[in-house]
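Chains, contacts and geometry: an overview
Read off the chains here:
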Amino acid sequence: MTPSLNEQGLAEADLVFRDAVVLDGARDRAEICDVAVTQGRILRLFSREERSKIRAKDEYFCRERKALLPGFANSHTHVAMTLLRGLGEESPLKDWLEKHIWPVEGRLKPRHIRIGTQLGVAEMISGGITCFGDMYFHMDEVARVATEVGIRCGLCQGLIGNAPLFSLKLKEGIRLYDHWHGKNDLITVQLGPHAPYTVSPKLLTQVAGAARGLNAGIHIHWLETEWERSYIEQELKKDPIDLLYETGLADVTSLILAHGVWFPENRLKEIAKDNIAVVHNPSSNMKLGSGFAPVSQMLKEGVHVALGSDGAASNNRLDMWLEMRTASLMQKGYYKDPTLMKSKDALKMASYAGCKALGFSNVGMIEEGWKADFAVINLDNARYIGWNKDNLASFIVFSGSSRDVCGTMVNGKWVYKDGEFPSLDYEKVMYDAKEARKELLAI
Ligand code: NI
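In this text the structure is predicted, and so the values were computed from the model without any measurement.

1. Quick look at the overall build of the protein chain
Of regular secondary structure, the protein chain possesses 14 helices and 16 strands. A compact globule built from 443 residues would reach a C-alpha radius of gyration of about 22 Å, and the protein chain, at 21 Å, matches this within 12%. Judged by the C-alpha coordinates and their principal axes, the protein chain covers about 65 × 45 × 45 Å. A buried classification covers 53% of the 443 residues belonging to the protein chain. Within the protein chain, contacts between residues at least 6 apart in sequence are counted, and of these 74% link residues at least 24 apart.

Spelled out as structure tokens, the structure:
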């Protein structure tokens, strides 16, 4: 790491946020300081007394009325499903998938994925999201959009099916890893077996072996529905935790278990490992009638939990503000205990925990040397009257919304600022998305 002060005792930075209200998932209270950024990283945080040491090419004035949060990580989604939003609303899950979603997904071409991803990325960066975990098809398009726009993405090709075809798909997943993993300091690649009910234990073992060979992570749907748990127990004659260990999934470098609603509560300790993260998707779990994940129990047992929106067809928003609020309210309401899932925990789940699970290091906290990924929040509005350094986290989680985001930065570059998208042609994306939707739904 480059030293933060030069020989004259001065910090030379690309940009400094002046008088920023800084908060992240590790801080018990907000602090007001100047945050200097250089070469995509946080050079240092300066107190008021030290601020004269900064020489910056550019300044952003927060005036103690704008908060600097770590950018949010939407850790489990299928972003291009923005083109499928609203299809088969409020149908039973099986009908929703078989009659409404799968037929349209069968018609998705790479250019649809590109447009749907651009549309979803526009929504996410305008809400302060700087990192997303995506499982879908034609993932080269997703990687291209992410690198063009400049947003972090941990991506995987959804792997599904039986032996001969599955091997081809696994090869494709490995090709993606070889081609994109680590690209531009923005992309990580995982292998993405879809779920234990669409990929047999034998094939899961094969994927886990491949992941260990590459030192790649795995992203999989796990125990989303009660039906899925009984399928594992009754059809496969396995225990869902044992299955993670028997297939070797639990031993890959990073295992992302999406949803995780139906874990046996008495065995949560067994997934409290540094290389395993559950991605909680509270809105999707409720909208699809999947149930309540025992997240506060998971946290108590030391399980790493991140947050996600799932796809726009089952949420229908790609909005981490909503997920933080919903996650916290669900735990308090379900267990009849308002002390559960504190706003600080929700903030950490929505930022640092997701970035770590997706394989990004030094991302998701506001500390010296960490990546300059921020959501800038305007506190100068009616819903924030009364905030102070001690209560800001609860104002963010319970009173705040994505409308409060006035800037989003990744690796020190603005990807959204005051309603503008410097790296995305928003009007064109809107036009293309309307046309793509018409085309996809015309039978
Ligand atoms: Ni999903």
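2. What about the nonpolar core?
Val21, Val35, Leu68, Val142, Ile218 and Val305 are the most contacted members of the largest nonpolar core, which totals 139 residues. Not counting residues up to four positions away in its chain, the partners in contact with Ile218 are Gln190, Leu191, Pro193, Val207, Ala208, Ala211, Leu249, Val252, Leu255 and Ile256.

3. As for helix 4 (residues 163–180)
End to end, helix 4 covers 25 Å across 18 residues, agreeing with the expected 26 Å (1.5 Å per residue, within 8%). Along helix 4, the positions that sit buried rather than exposed are Lys169, Leu170, Gly173, Leu176, Tyr177 and Trp180. End-on, the buried residues of helix 4 take up no more than an arc of 110°, which puts them together on one face. In helix 4, the exposed positions angled more than 90 degrees off the buried face are occupied by Pro164, Leu168, Lys171 and Asp178. Elements that come into contact with the buried residues of helix 4 comprise helix 3 (139–149), strand 8 (152–159), strand 9 (187–193) and helix 5 (201–214). Two residues or fewer past helix 4, Gly182 is found with a positive phi of approximately 85°.

4. Observations concerning the domain arrangement of the protein chain
Domain boundaries assigned for the protein chain yield domain 1 (11–70 + 370–417) and domain 2 (72–357). For domain 1 and domain 2, the distance between their C-alpha centroids amounts to 29 Å. Counting residues at the interface gives 21 residues for domain 1 and 23 residues for domain 2. Within the residue set of the side of domain 1 that touches domain 2, elements represented by two or more residues are strand 5 (66–70), helix 13 (392–399), strand 15 (405–410) and strand 16 (413–417). Per element, the largest residue contribution to the side of domain 1 that touches domain 2 is five residues, and it comes from helix 13. Considered class by class, the residues forming the side of domain 1 that touches domain 2 number 11 nonpolar, seven polar and three charged.

5. Details of the environment of Val207
Structurally, Val207 can be placed in helix 5. Counting along the chain gives 82 residues from Val207 to Ile125, while the straight-line C-alpha distance between them is 32 Å. If near-sequence neighbours (up to four positions away) are discounted, Val207 is found in contact with Leu159, Leu170, Leu191, Pro193 and Ile218.

6. Some thoughts on the sheet that holds strand 12 (residues 276–280)
As summarised here, the arrangement of the eight strands in space is 6-7-8-9-10-11-12-13, forming an open sheet in which the pairing is parallel. Looking at which strands have only one partner, the edges of the open sheet turn out to be strand 6 (72–77) and strand 13 (304–307). Between one strand axis and the next, the sheet turns by 25° as a mean value, whatever way the strands run. Bridge count between strand 7 (residues 129–136) and strand 8: six bridges; the pairing is parallel. By the bridge assignment, Asp134 is partnered in strand 8 with Leu155.

7. Quick look at the pairing of strand 10 (residues 217–222)
Extensive coverage of strand 10 is indicated by the burial of six of its six residues. By the bridge criterion, two bridges tie strand 9 to strand 10 in an arrangement that is parallel. If you follow Leu191 over to strand 10, its bridge partner there is Ile218. Following the chain from strand 9 across helix 5 to the adjacent parallel strand 10, one finds a crossover that is right-handed. The pairing of strand 10 with strand 11 (residues 255–259) spans five bridges and is classified as parallel. Looking across to strand 11, one finds that His219 is bridged to Ile256.

8. Regarding unusual backbone geometry
Going from Asn315 to Asn316, the amide bond is cis rather than trans, its omega being 10°. Position of Asn316 relative to the elements: it lies in the loop between strand 13 and helix 10 (320–334). Within the chain, Asp310 stands out as a residue other than glycine whose phi angle is a positive 65°. Of note, Asp310 is situated in the loop between strand 13 and helix 10. What makes Asp310 buried here is the crowd of 28 C-beta atoms within 10 Å. Even without a glycine there, the phi angle at Asn411 is positive, about 50°.

9. Some details on the packing of helix 2 (residues 110–126) against helix 14 (residues 426–441)
For any two helices packed against each other, the geometry is given by the interaxial angle and the distance between the axes. The contact between helix 2 and helix 14 brings their axes to 9 Å, and the two run at 130°. Put simply, helix 2 runs oblique to helix 14. The chirality of how helix 2 crosses helix 14 is left-handed. Every residue of helix 14 that contacts helix 2 at His112, Ile115, Gln118, Leu119 and Ala122 is listed here: Tyr426, Val429, Asp432, Ala433, Ala436 and Leu440. Taken together, the residues of the contact of helix 2 with helix 14 sort by class into eight nonpolar, two polar and one charged.

10. Description of helix 6 (residues 226–235)
Of all the residues in helix 6, the buried ones are Glu228, Arg229 and Ile232. Angularly, the buried residues of helix 6 cover 100° about the axis, an arc narrow enough to put them on a single face. For helix 6, the exposed residues lying more than 90 degrees away from the buried face are Ser230, Gln234 and Glu235. In this fold, the buried residues of helix 6 make contact with helix 7 (240–246). One or two steps after helix 6, the chain reaches Lys237, where phi turns positive at roughly 55°.

Calculation notes
- Residues numbered from 1 in each chain as written.
- Predicted model: local features only at pLDDT ≥ 70, side-chain atom pairs only at ≥ 80, totals over all residues.
- Helix = DSSP H or I, 4+ residues; strand = E, 2+ residues; numbered from the N terminus.
- Rg over C-alpha atoms; globule rule 2.2 N^0.38 Å.
- Buried ≥ 20, exposed ≤ 12 C-beta atoms within 10 Å, placed from the backbone.
- Contact = placed C-beta atoms within 7 Å.
- Core = buried A, V, L, I, M, F, W, Y, C linked by C-beta atoms within 7 Å.
- Expected span 1.5 Å × (residues − 1).
- Arc of directions from axis to C-beta.
- Domains from an automatic or database assignment.
- Nonpolar A, V, L, I, M, F, W, Y, C, P; charged D, E, K, R; others polar.
- Pairing = 2+ DSSP bridges.
- Axes fitted to C-alpha atoms, helices over the stretch in contact; angles between N-to-C directions.
- Right-handed = clockwise from strand over helix to strand, strands pointing away.
- Parallel < 35°, antiparallel > 145°, perpendicular 65-115°, else oblique.
- Left-handed = near helix turned anticlockwise from the far one by under 90°.

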